[in-house]
Amino acid sequence: MTAIDPAARAAELRALLEEANHRYHVLDAPTISDREYDLRFRELVDLETAHPELVTPDSPTQRVGAPVEGGFPPVRHDVPMLSLGNAFGHDELREFDARVRKGLGRGADGPSVTYVCELKIDGLAISLRYEGRRFVRGATRGDGTRGEDVTANLRTVRAIPMRLREDPPADALEVRGEVYMPRGAFAALNEQLERDGRPLYANARNTTAGTVRQKDPAVTAGRRLSVWTYQLVGANGLATHSESLDLLLRLGFPVNPVTRRMDGIDQVIAFTEEWAEARRDLDYETDGIVIKVDSLADQAALGFVSRAPRWAIAYKFPAEQVTTRLEDIDVYVGRTGAMTPVAHVTPVLVGGTTVRNATLHNIDEIRRKDLRVGDTVVLQRAGDVIPEVVAAVVEARDGSERIWEMPSQCPVCGTGALREEGEVVTRCPNPYCPAQRIGGLLHFSGRGGMDVDGLGGKIMMQLVDRELVREPADIFRLDVETLESLERLGRKSAENLHRSIQAARQRPMGRIVNSLGIRHVGEQTAIDLAAWLAGEVPRGEHETEADWSRRAADRLRDASVDELTAVSGIGPVVAQGIRRFFDDEHTRDTLHRLLDAGVSAEAPTPGTSTEPATGPLSGKTLVVTGTLPGMSRSDAEEAIRDAGGHPASSVSARTDYLVAGDKAGSKLTKAESLGIPVLDEDGLRALLEGRT
Ligand code: IVH
């Protein structure tokens, strides 16, 4: 018998396993059983263990690497990962088509546009980089320009090819797509958690996001994530998007089979109707249809508006509604003392998420909808919007339902609750209420603030209860031993949390200012203040970030109301809020104490000042208020900023436009009284695109 050459056999096994992956994930036509796959995999592991020199970086056995130490390194997306505008309903799709035709110089009667329709996968956007044929880096979208390097975790996703099947058209290639957890895998995971008596996950998308950011790739590997790719970045020499999808397939990427070229918007609409129902039979969650202009030349001609392409749109499937029972209403006290009623409902699956709670906003809303405890209610959830109780099913009442009253005292500290004239919100007026303190600290450590990964409500409550944390600066003095002494925090988690706290010591000035929770100062005002500080306190040639931060903090603490009101975007109410914060003996040194604890701001580069932005809204100040139908307030503000304009939070004589959506309140009244032009979302889009 001739001895088998280990090198040849290893190569053969690698090819066989990769081919099996491709057939399973890309072609949906498996040719070997799971058992056969596992046997061959074992054989390769044994061979590579006996002959370590045979291991190649793209061997299927190398998909599960060692746990990641520290945080995930940042990745810059040279070509930003954009978002898409939304279309709710078919009228908005026709409006999109009209905009595209106009942009391409085709009149209403001109030839129709060829579109590609794809399912909008409800997962997590990722970018995959290949050099030569080899997979070298996988990253999350992050904020679109900066994501996280999650290569080790994405390697474990078997649908992602570690080697391309053909030579790529360029030396380096970037492919984008959506990683997701199949419904079957999600259900199996929750069944396992249930058997272990552990809390269940609410939905597949959040579980996917958490899984992609796991420190230990072995955990990710066990979660059976998959991927659909839909974009080839910088595809040279191709004429259409459909050709780039074909190329992706040839290179070995999974491309969703529910992808169709459509001639004109009527065909697109028929496709959305077909898939609104058919999608329920798929083994993954989808929340809409993405419609893209097929011709790449036409895409280039149409270009972008702010952070979204003009040549594509996301049609959102109609909101799903279900009925359930309103079991009780509780009051939550936030960091400003606002007492918000929250509905507890019998858990119910809506739009792929198990919903247990839904906000009821305020007592007026409860009265207007005449909701009673014990009612059967209609619950709605659209996309990633917070679930909402739409109405009570009055016919289902049997008389046992109870009318709910707002408690007259704060449920946390017992102080008498107040509701001021003309306000809809009931508040706990006690600034030392523990709920406000915890709310404030969570705001501080949350996403728009210092973004301390892993410091959530349960841990914060223990830290405050045990008086380990009284104010933000205390967080930076916690050591691993103290963290480990908390309930449900083992050594490893304590070390991880400690590491994220250290990583949060340096943040941009805007984020630090926002994290302080100054009344009326939100993300945008904090960015305005930081820009003002960068101009007011130029950084010295050899000055450290810590020294600059201190001088900037001094300047902010001492700024007068007049000086603050002169800052672009800041009105008298906000200015007074800031002054009050720095006049109150309890809060005036919060920022300085943070710096004492070793926090510093990323300082501006010495010698630079903030340049005036250019774009269609250059020099214009806009205020966005109310709910816009197709974009969130922060998206609208970001778009305004990208177009060179200035989004402000309060209306004043210096406001150029008010953009008002549904439920716009006092800002609208004020703008009208000042004679400031009021726009709706379409008006804003027209301005952003320079159409007026
Ligand atoms: S294309 C410039 N195609 O939807 C166009 N996106 O709301 C970039 N998504 O961030 C996106 N399925 O995470 C595209 N077939 C699909 C998609 C898709 C899901 C996600 C993606 C994107 C978000 C935009």
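Every value quoted in this text rests on a predicted model; they were computed, and no experiment measured them.

Rules and cut-offs
- Residues numbered from 1 in each chain as written.
- Predicted model: local features only at pLDDT ≥ 70, side-chain atom pairs only at ≥ 80, totals over all residues.
- Heavy atoms only, no water.
- Helix = DSSP H or I, 4+ residues; strand = E, 2+ residues; numbered from the N terminus.
- Rg over C-alpha atoms; globule rule 2.2 N^0.38 Å.
- Buried < 20%, exposed > 50% of the residue type's maximum accessible area, 1.4 Å probe, protein only.
- Contact = heavy atoms within 4.5 Å.
- Phe/Tyr/Trp six-rings, centres within 6.5 Å; stacked < 30°, edge-to-face > 60°.
- Axes fitted to C-alpha atoms, helices over the stretch in contact; angles between N-to-C directions.
- Parallel < 35°, antiparallel > 145°, perpendicular 65-115°, else oblique.
- Left-handed = near helix turned anticlockwise from the far one by under 90°.
- Expected span 1.5 Å × (residues − 1).
- Pairing = 2+ DSSP bridges.
- Polar contact = N/O pair within 3.5 Å; in protein donor to acceptor, adjacent residues only side chain to side chain.
- Near = heavy atom within 4 Å.
- Patch = residues over 30% accessible without salt bridge, like charges linked within 9 Å, V, L, I, M, F, W, Y side chains within 5 Å.
- Areas by Shrake-Rupley, 256 points an atom, 1.4 Å probe, with all protein chains shown as cover.
- Salt bridge = Lys/Arg side-chain N within 4 Å of Asp/Glu carboxyl O.
- Lys, Arg positive; Asp, Glu negative; His and termini not counted.
- Charge placed at Lys NZ, Arg CZ, Asp CG, Glu CD.
- Core = buried A, V, L, I, M, F, W, Y, C linked by side-chain atoms within 4.5 Å.

Enquirer: Just give me the short version of the overall build of the protein, but keep the residues and values in it.
Expert: For the protein, the count of helices and strands is 25 helices and 27 strands. For 692 residues, the compact-globule formula gives about 26 Å, and the C-alpha radius of gyration of the protein, at 28 Å, lands near that figure. When its C-alpha atoms are laid out on the principal axes, the protein stretches across 90 × 75 × 70 Å. Per-residue burial over the protein gives 47% buried out of 692 residues.

Enquirer: Describe the side chain of Asp97, with residues and values.
Expert: Residue position: Asp97 is located in helix α3 (residues 90-103). Accessibility expressed as a relative area gives 8% for Asp97, which makes it buried. Non-local contacts of Asp97, meaning those with residues more than four positions away in its chain, are made with Val113, Tyr115 and Ile265.

Enquirer: Please provide a residue-by-residue account of the packing of aromatic side chains, values included.
Expert: Given two aromatic rings, their pairing is described by the distance between the two centres and the angle made by the two planes. Applying the stated criterion to the full structure yields 12 aromatic pairs. Pairing Phe581 with Phe582 gives two aromatic rings, centres 5.1 Å apart and planes at 85°, and the pair type is edge-to-face. Accessibility classification places Phe581 together with Phe582 in one group, the buried group. Through a chain of ring-to-ring contacts, the aromatic side chains of Tyr130, Phe135 and Phe253 assemble into a single cluster.

Enquirer: Any details on the packing of α3 against helix α9 (residues 265-278)? Residues and values, ideally.
Expert: Closest axis-to-axis distance for the α3/α9 pair is 10 Å, and the angle between their directions is 150°. In terms of orientation, α3 lies roughly antiparallel with respect to α9. When you trace α3 past α9, the crossing you get is right-handed. Contacts between α3 and α9 involve His90, Leu93, Arg94 and Asp97 on the former and, on the latter, Ile265, Asp266, Val268, Ile269, Thr272 and Glu273.

Enquirer: Outline helix α21 (residues 572-583), listing residues and values.
Expert: Taking 1.5 Å of rise per residue, 12 residues should cover 16 Å, and α21 covers 16 Å from first to last C-alpha, within 8% of that figure. Listed as buried for α21 are Val574, Ala575, Gly577, Ile578, Arg579, Phe581 and Phe582. Looking at the buried side of α21, the elements it contacts are α18 (523-536), α19 (545-558), α20 (561-565) and α22 (590-596).

Enquirer: Let's hear about the sheet that holds strand β10 (residues 286-293): which residues, and what values?
Expert: Spatially, the 5 strands line up as an open sheet ordered β2-β13-β10-β3-β9, and their pairing is mixed. Both edges of this open sheet fall to β2 (86-88) and β9 (259-263), since each of them pairs with a single strand only. Taken pair by pair, the neighbouring strands of this sheet meet at an average axis angle of 30°, ignoring direction. Pairing geometry for β10 and strand β13 (residues 312-316), over 5 bridges, is antiparallel. The residue of β13 that forms the bridge with Gly288 is Lys316. Against the sheet, helix α8 (residues 241-251) engages β3 (114-121), β9 and β10, with an angle of about 50° to β3. Against the sheet, α9 engages β3, β9, β10 and β13, with an angle of about 145° to β9.

Enquirer: Quick one: what's the story with the sheet that holds strand β7 (residues 172-180), residue by residue and with numbers?
Expert: The antiparallel open sheet is built from 4 strands, whose spatial order is β5-β4-β7-β8. Each of the sheet's edge strands pairs with one partner strand only, and the pair in question is β5 (134-140) and β8 (226-233). Sheet twist, expressed as the average angle between the axes of neighbouring strands with direction ignored, equals 30°. Looking at chain direction, β7 and β8 are connected through 7 bridges and run antiparallel. Directly across from Arg176, in β8, lies its bridge partner Gln231.

Enquirer: Run through the environment of Trp548, naming residues and quoting values.
Expert: For Trp548, the position within the fold is in helix α19. By relative accessible area, Trp548 is classed as buried at 1%. Taking the C-alpha atoms as reference points, Trp548 and Ala108, 440 residues apart in sequence, are found 58 Å from one another. One polar contact links the side chain of Trp548 to the main-chain carbonyl oxygen of Val537, over a distance of 2.7 Å.

Enquirer: Got a sec to walk through the site of the ligand? Specific residues and values, please.
Expert: The environment of the ligand is made up of 13 residues, and the closest members are Glu118, Ile121, Glu178, Tyr230 and Lys292. Side-chain polar atom of Glu118 to a nitrogen atom of the ligand: 2.8 Å apart, as the coordinates give it. For the ligand, an oxygen atom lies 2.7 Å from a polar atom in the side chain of Glu178. If you list the elements that add at least two residues to the shell around the ligand, you get β3 and β10. It is β3 that provides the largest number of residues to the shell around the ligand, a total of 4 residues.

Enquirer: Tell me about a negative patch on the surface, residues and numbers included.
Expert: On the surface, a cluster of negative charge is made up of Asp91, Glu95, Asp680 and Asp682. If you trace the backbone, Asp682 turns up in helix α25 (residues 681-688).

Enquirer: Describe the pattern of salt bridges, listing the residues and the values that go with them.
Expert: Any two side chains of opposite charge can pair, so long as their charged atoms come close to each other. In the structure shown here, the tally under the stated rule is 51 salt bridges. Here Arg419 ties to Asp364 by a salt bridge, and the two come within 3.0 Å at their closest N and O atoms. Of the two residues, Arg419 is situated in the loop between β20 (402-403) and β21 (426-427) and Asp364 in helix α11 (residues 363-368); the sequence distance between them amounts to 55 residues. The exposure class of Arg419 is partly exposed, given its relative accessible area of 40%. Residue Asp364 is classed as partly exposed on the basis of its relative accessible area, which comes to 33%.

Enquirer: Hey, could you go over the pairing of strand β4 (residues 124-131) for me, with residue numbers and the actual values?
Expert: Burial runs high along β4: 6 of the 8 residues are buried. By the bridge criterion, 6 bridges tie β4 to β5 in an arrangement that is antiparallel. Its bridge partner being in β5, Ser127 is matched across the sheet by Ala139.

Enquirer: Lay out unusual backbone geometry in plain terms, naming residues and giving numbers.
Expert: Positive phi, close to 55°, is recorded for Glu467, a residue that is not glycine. Note that Glu467 resides in the loop between α13 (457-465) and α14 (472-475).

Enquirer: Residue-level account of the nonpolar core, with values.
Expert: In terms of nonpolar packing, the biggest core is built from 55 residues, with Ile475, Phe476, Leu529 and Ile578 touching the most fellow members. With residues near it in sequence (within four places) discarded, Ile578 still touches Ile518, Val521, Leu529, Leu564 and Ile570. Counting residues in each nonpolar core, the second largest holds 33 residues, with Leu124, Phe135, Met162 and Val179 among its members.

Enquirer: Residues and numbers for the side chain of Thr151, please.
Expert: Here Thr151 is to be found in helix α4 (residues 151-155). The class of Thr151 is buried, set by a relative accessible area of 10%. Ignoring sequence-local partners within four residues, the contact set of Thr151 consists of Phe135, Val136, Arg137 and Gly138.

Enquirer: I'd like a description of α18, backed by residues and values.
Expert: An ideal rise of 1.5 Å per residue puts 20 Å on 14 residues; α18 measures up with 20 Å between its terminal C-alpha atoms. Buried within α18 we find Gln524, Thr525, Ala526, Asp528, Leu529, Ala530, Trp532, Leu533 and Ala534. Where α18 is buried, its residues contact α17 (509-515), α19, α20, α21, α23 (633-642) and β25 (646-648).

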